[in-house]
Amino acid sequence: MFTTSDQLNVTLICGPTDMRKAIDGLCNIVAYDLEKEPCSDHIFVFCGRARDKIKILQWASNGFWLHYKRLEKGHFQWPGIDDEHLSIQVSPRQLNWLLDGLALNVQDAHPHLTYRYHDD
C-alpha cells in the first residue's frame, strides 16, 4: 500500500507523461530514459500534460503498485513541466504538498522540528 514515510525516496518525472501508460510503459521510462531501477525502494511520480492526473509507480517486494489520482477541478503545482531535467528528487513531505495542491517551495509550511524532552 502507498506510504509516505520519511525514509521514502521520491523521484518526480519532469515534463508531461502520457497518462495512458500502465505499469510496463512507466517502468520503461524509469529503466531506459532515467536509467534507474524500477524495482527499487524509490517511488516514481508522473504527471500528465494538463497537470490534472498523477500516477505513482511503487515496487512492493513481489509486484508493482500503480496509484492514480485525477483532479476534478484545478491542477497540480507540478515542477519542471517544461524543464529539460528528466527527474528531480523530492522529500516525502514535498510529495504530500504536491498531492494537496501546493507548490514544492511552500513558504507558509511549518518548519520540521526535532524536539527532545531531555538534553543528554
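Shown above is the structure to which this text applies.
Let me begin by describing the structure that accompanies this report. (Residues numbered from 1 in each chain as written. Predicted model: local features only at pLDDT ≥ 70, side-chain atom pairs only at ≥ 80, totals over all residues. Heavy atoms only, no water.)

**Points about the packing of aromatic side chains**
- Evaluated as defined, the whole model comprises one aromatic pair.
- Ring plane angle 70 degrees and centroid distance 4.9 Å describe the contact between Trp59 and Phe64, whose orientation is recorded as edge-to-face. (Phe/Tyr/Trp six-rings, centres within 6.5 Å; stacked < 30°, edge-to-face > 60°.)

**Structural notes on the pattern of salt bridges**
- This model, assessed by the stated rule, comprises three salt bridges.
- With its nearest N and O atoms 2.7 Å apart, the salt bridge here joins Arg70 to Glu72.
- In this structure Arg70 comes out as partly exposed when scored by relative accessible area, which is 49%.
- Residue Glu72 is classed as exposed on the basis of its relative accessible area of 64%. (Salt bridge = Lys/Arg side-chain N within 4 Å of Asp/Glu carboxyl O. Buried < 20%, exposed > 50% of the residue type's maximum accessible area, 1.4 Å probe, protein only.)

**As for the pairing of strand S2 (residues 42-47)**
- Across the six residues that make up S2, a large majority, six, are buried.
- Burial along S2 is two-sided: the face carrying His42, Phe44 and Phe46 and the face carrying Ile43, Val45 and Cys47 are both buried.
- Chirality of the crossover, the property in question, places the unit of strand S1 (residues 9-13), helix H1 (residues 23-33) and S2 among those that are right-handed.
- In the sheet, S2 pairs with strand S3 (residues 53-59) via five bridges, with the strands oriented antiparallel. The partner of Val45 across the bridge, within S3, is Ile56.
- If you look at the hairpin formed by S2 and S3, you'll find five residues sitting between the two strands, and Arg51 has a positive phi there, around 60 degrees. (Helix = DSSP H or I, 4+ residues; strand = E, 2+ residues; numbered from the N terminus. Right-handed = clockwise from strand over helix to strand, strands pointing away. Pairing = 2+ DSSP bridges.)

**A look at the side chain of Asp52**
- Checked against the element boundaries, Asp52 lands in the loop between S2 and S3.
- Reaching out from Asp52, the side chain makes a polar contact with the side chain of Lys53 at a distance of 3.3 Å.
- Apart from residues no more than four positions distant in its own chain, Asp52 is found in contact with Lys69, Arg70, Leu71, Gly74 and Phe76. (Polar contact = N/O pair within 3.5 Å; in protein donor to acceptor, adjacent residues only side chain to side chain. Contact = heavy atoms within 4.5 Å.)

**A few points about the pairing of S1**
- For S1, a buried count of four out of five residues is recorded, marking the element as mostly surrounded by other parts of the structure.
- Pairing between S1 and S2: four bridges, direction parallel. Residue Asn9 lies in a different strand from S2, and its bridge partner there is His42.
- Bridge count between S1 and strand S5 (residues 87-90): four bridges; the pairing is antiparallel. Directly across from Val10, in S5, lies its bridge partner Val90.

**Observations regarding the side chain of His67**
- Among the structural elements, His67 can be located in strand S4 (residues 64-70).
- Only 3.1 Å separates the side chain of His67 from the side chain of Gln58, close enough to count as a polar contact.

**Quick notes on helix H2 (residues 92-99)**
- Considered for burial, the residues of H2 that qualify are Pro92, Leu95, Trp97, Leu98 and Leu99.
- Those residues of H2 that are buried lie in contact with S1, S2, S3, S4 and S5.
- Gly101 sits one or two positions beyond H2 and adopts a positive phi of about 95 degrees.

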